[in-house]
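Breakdown of the fold
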Amino acid sequence: MPNNVSDLLLGGDAAARLVQQIFVPDVTLARIRCEACDGVTGIGALTVYAAPMGAVLTCPDCDNVLIRVVDTPHGLWLEMSGARNVRFPAPVSN
Ligand SMILES: [Zn+2]
């Protein structure tokens with residue numbers, strides 16, 4: 001058990017490994033919680049407005065913008081400020 005906050009600090013590599021675990025699972029299995037209405041739905045059930053450079057995905061219950069994805073020459077941008085959280089199911093163990 002850590003004695004203070006500095007005991008919880010990790011290096012950038014450890015943080016990168018943690019975040020990498022989030023992006024490996026199949027995103028279609030993820031459940032997203034809307035910041036505006038607290039509704040929870042599957043990523044595949046979101047309403048999608050597509051444009052040449054990317055897409056906006058909105059909550060099917062209240063139309064709040066949950067995800068913006070923009071593909072530019074400088075990189076792929078993902079903005080999710082409209083989502084409270086995204087839950088990936090635990091891996092199934094055999
Ligand atoms: Zn909503």
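Before any of the text, the structure's been laid out above.
Presented here is an overview of the structure given in this document. (Residues numbered from 1 in each chain as written. Predicted model: local features only at pLDDT ≥ 70, side-chain atom pairs only at ≥ 80, totals over all residues. Heavy atoms only, no water.)

Here we look at the sheet that holds strand S3 (residues 47-51)
Adjacent strands of a sheet form backbone hydrogen bonds with each other and so pair up, either parallel or antiparallel. Taken in spatial order, the 4 strands make up an open sheet running S3-S4-S5-S6, and their pairing is antiparallel. The open sheet has two edge strands with one neighbour each: S3 and strand S6 (75-79). Ignoring strand direction, the axes of neighbouring strands in this sheet form an average angle of 10 degrees. Summarising the sheet, strand S5 (residues 65-72) and S6 pair through 5 bridges and their orientation is antiparallel. Looking at S6, one finds that Thr 72 is bridged to Gly 75. (Pairing = 2+ DSSP bridges. Helix = DSSP H or I, 4+ residues; strand = E, 2+ residues; numbered from the N terminus. Axes fitted to C-alpha atoms, helices over the stretch in contact; angles between N-to-C directions.)

Some remarks on the nonpolar core
Formed by Ala 30, Ile 32, Cys 34, Ile 43, Leu 46, Ala 55, Leu 57, Cys 59, Leu 66, Ile 67 and Ala 83, the largest nonpolar core amounts to 11 residues. Of all the elements in the fold, those that place two or more residues in this core are strand S1 (31-34), strand S4 (54-58) and S5. Leave out the neighbours within four places in its chain, and Leu 46 touches Ile 32, Thr 41, Leu 57, Thr 58, Pro 60, Leu 66 and Ile 67. (Core = buried A, V, L, I, M, F, W, Y, C linked by side-chain atoms within 4.5 Å. Buried < 20%, exposed > 50% of the residue type's maximum accessible area, 1.4 Å probe, protein only. Contact = heavy atoms within 4.5 Å.)

Comments concerning the coordination of the zinc ion
Protein-derived ligands of the zinc ion are Cys 34 (SG), Cys 37 (SG), Cys 59 (SG) and Cys 62 (SG), with the metal-ligand distances lying across 2.3 to 2.4 Å. Between the 4 donor atoms coordinating the zinc ion, the angles at the centre fall across 103 to 114 degrees, so the site counts as tetrahedral. A relative accessible area of 34% places Cys 37 in the partly exposed class. Since its relative accessible area comes to 33%, Cys 62 is described here as partly exposed. (Donors = N, O, S within 2.8 Å, 3.2 Å for Na, K, Ca; no water. Tetrahedral: all angles 85-135°; square planar, octahedral: opposite > 155°, others 65-115°.)

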